[in-house]
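Observations on the three-dimensional arrangement
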Amino acid sequence: MSTATAAATHDDHEHVHYTTTGLDNRKIAVWAFIGSECMLFASLISTYLIYKGRSRVGPFPHETWTSPTGEVFKPILNIPVTSASTFVLLMSSLFMVMALAAVENRGKPGYGGLKGNSKFWLATTALAGTVFLGFQAFEFTSFVHEGLKITTNLFGSSFFTLTGFHGAHVTVGVLWLLTLLAIDMKRGLTPKDTLVVDICALYWHFVDVVWIAIFTLIYLIQ
Amino acid sequence: MSDHASHAGHEVHEHPDWKQYKWVALILFAITIVEVWAYYIPAFVASSAFVPILLVMSAVKFSIVVAYYMHLKYDNRLFIALFVGPLFIAMFTITALLLLFGKL
């Protein structure tokens, strides 16, 4: 890549980085990162599945357990609450694509009003992510109150590790979205910033697809 | 990338429109409803079809988000390779470990 070509610009898009692939390095990097994240979550999910049903003491995810002292522990997973949080995260992906479309098509016909309001969609996506985190905080707190901590049994260790890692990813995503929102409020995101928003969107959707897998494998399959 | 114009460094490709995005959201929502509904049918949960059907529904949701929301359906093949390659390794790892530990 020569210096002259690296500095070249094209149309009304941002500075073009000529590469041997003809693709932007940042987008290649984020896809490679997402690929590596697939393997991270695969290791966490497989650990959960291997340990599933091997806990010596309760509480258990789907079964009632009576302790040696006669204390009865109900199945600990709260499917209605988790279904609601899953719905919120799925909707956040819709808000994210709308934010991307608003930035990408800014100023074009048909993208006025709410449709073209990237600030609104970025804020809504961040809000949905925060609500999801609130659901997770509620779930973790209620589990601890019901007697399940990370050190209680194999289920607790693998469950908190897996969902905690996912929650950490959502937290990073929310911070990323808020950063984009701050930039949008300060100087306004334009079609030149499409790639920046696209990369954030890819990360956000990845967090969503990981939850799709977790919801089925951990919560629904008994 | 056949019908997608590609500038070196910054791609210009067709994305789904608002209508398609809303349909995708509706389909994702509907599948989630069916998944949760199935969870509350004891006879179905006890049947051997429960796990495969749930896995298929989950895979459909996963694929829809990746194809339409992550635009992989419309994007360069290199991105598909960068995602699908590790995804296959991840799935193979999970399957191999479950077999190794007698879970399958």
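Residues numbered from 1 in each chain as written. Chains lettered and ligands numbered in written order. Predicted model: local features only at pLDDT ≥ 70, side-chain atom pairs only at ≥ 80, totals over all residues.

Each helix and strand in chain B was counted, giving four helices and zero strands. Starting at the N terminus, the α and β elements of chain B follow one another as α-α-α-α. When the 104 residues of chain B are sorted by exposure, 28% land in the buried category. Taking the intrachain contacts of chain B between residues at least 6 apart in sequence as the baseline, contacts between residues at least 24 apart amount to 50%. (Helix = DSSP H or I, 4+ residues; strand = E, 2+ residues; numbered from the N terminus. Buried ≥ 20, exposed ≤ 12 C-beta atoms within 10 Å, placed from the backbone. Contact = placed C-beta atoms within 7 Å.)

On a plain count of helices and strands, chain A comes out with six helices and two strands. Counting helices and strands in the order they occur from the N terminus, chain A gives α-α-β-β-α-α-α-α. Computed over C-alpha atoms, the radius of gyration of chain A comes to 22 Å, more than 25% over the 17 Å expected from 2.2 N^0.38 for 222 residues, which places it beyond the range of a compact globule. For chain A, buried positions account for 41% of its 222 residues. Across chain A, every contact between residues at least 6 apart in sequence was considered, and the portion connecting residues at least 24 apart equals 71%. (Rg over C-alpha atoms; globule rule 2.2 N^0.38 Å.)

Before going further, it helps to examine the confidence of the model for chain B. A low pLDDT score tells you not to read the predicted coordinates there in detail. All names here are of chain B. Of all residues in chain B, 87% attain a pLDDT of 70 or more, and the chain-wide mean is 85. The least confident element of chain B, judged by mean pLDDT, is helix α2 (residues 42-46) at 90; the most confident is helix α3 (residues 50-69) at 94. Within the model, the stretch residues 1-10 combines pLDDT values under 50 with 27 contacts to residues more than four positions away or in other chains. This complex was scored by the predictor with a pTM of 0.88 and an ipTM of 0.86. (pLDDT = per-residue confidence, 0-100.)

Residues and elements named next belong to chain A. With 28 residues, helix α4 (residues 118-145) ought to run about 40 Å at 1.5 Å a step, and its terminal C-alpha atoms sit 40 Å apart, in line with that. Those residues of α4 lying buried are Ser118, Trp121, Leu122, Thr125, Ala126, Ala128, Gly129, Phe132 and Phe143. Gly147 sits one or two residues past α4 and shows a positive phi near 105°. (Expected span 1.5 Å × (residues − 1).)

Now for the nonpolar core. Counting 76 residues, the largest nonpolar core has Ile45, Val97, Met98 and Ala99 of chain A as its most contacted members. The set of elements that each furnish at least two residues to this core consists of α2 (25-51), α3 (79-104), α4, α5 (154-186) and α6 (194-220) of chain A together with α1 (18-39), α3 and α4 (77-100) of chain B. Residue contributions to this core peak at 19 residues, all from α6 of chain A. Apart from the residues within four sequence positions on either side, Val97 of chain A is in contact with Ala201 of chain A together with Tyr21 and Tyr69 of chain B. (Core = buried A, V, L, I, M, F, W, Y, C linked by C-beta atoms within 7 Å.)

Confidence along chain A averages 89 in pLDDT terms, with 92% of residues attaining 70 or more. The low-confidence segment residues 1-14 of chain A, where pLDDT is below 50, has 18 contacts with residues more than four positions distant or belonging to other chains.

What follows covers the interface of chain B and chain A. Facing the 42 residues of chain B at the interface are 47 residues of chain A. Elements supplying a minimum of two residues to the side of chain B that touches chain A: α1, α3 and α4 of chain B. Sorting elements by how many residues they give to the side of chain B that touches chain A places α4 of chain B first, with 13 residues. The residue inventory of the side of chain B that touches chain A, partitioned by class, reads 29 nonpolar, nine polar and four charged. (Nonpolar A, V, L, I, M, F, W, Y, C, P; charged D, E, K, R; others polar.)

Residues and elements named next belong to chain A. Close contact between α3 and α4 brings their axes to 8 Å; oriented N to C, the two are set at 160°. Relative to α4, the element α3 is oriented roughly antiparallel. When the axes of α3 and α4 are compared, the crossing they make is left-handed. Grouping the amino acids of the contact of α3 with α4 by side-chain chemistry returns 18 nonpolar, seven polar and one charged. (Axes fitted to C-alpha atoms, helices over the stretch in contact; angles between N-to-C directions. Parallel < 35°, antiparallel > 145°, perpendicular 65-115°, else oblique. Left-handed = near helix turned anticlockwise from the far one by under 90°.)

A few words now on the environment of Ser158 of chain A. All names here are of chain A. Within the secondary structure layout, Ser158 lies in helix α5. For Ser158, a count of 23 C-beta atoms within 10 Å gives the class buried. Along the chain, Ser158 and Lys52 lie 106 residues apart, while their C-alpha atoms are 8.7 Å from each other. Every residue in contact with Ser158, bar those within four places of it in the chain, is listed here: Thr47, Tyr48 and Tyr51.

Attention now moves to the packing of α3 of chain A against α1 of chain B. Contact geometry of α3 of chain A with α1 of chain B gives a least axis separation of 10 Å together with a crossing angle of 170°. Judged by the angle between their axes, α3 of chain A and α1 of chain B are roughly antiparallel. Along its contact with α3 of chain A, which presents Ile79, Ser83, Thr86, Phe87, Leu90, Met91, Leu94, Val97, Met98 and Ala101 of chain A, the element α1 of chain B presents Trp18, Tyr21, Ala25, Leu28, Phe29, Thr32, Val36 and Tyr39 of chain B. When its residues are assigned to classes, the contact of α3 of chain A with α1 of chain B shows 15 nonpolar, three polar and no charged.

Its place among the elements puts Gln222 of chain A in the segment after α6. Measuring from C-alpha to C-alpha, the distance between Gln222 of chain A and Ile212 of chain A comes to 16 Å, with ten residues separating the pair along the chain. In contact with Gln222 of chain A, not counting residues within four places along its chain, are His62 of chain A together with Val45 of chain B.

Now for the environment of Gln20 of chain B. Residues and elements named next belong to chain B. Mapping Gln20 onto the fold places it in helix α1. Of the residues examined, Gln20 has 12 C-beta atoms within 10 Å and is grouped as exposed. The spacing of Gln20 and Tyr68 is 48 residues in sequence and 8.6 Å in space, taken between C-alpha atoms.

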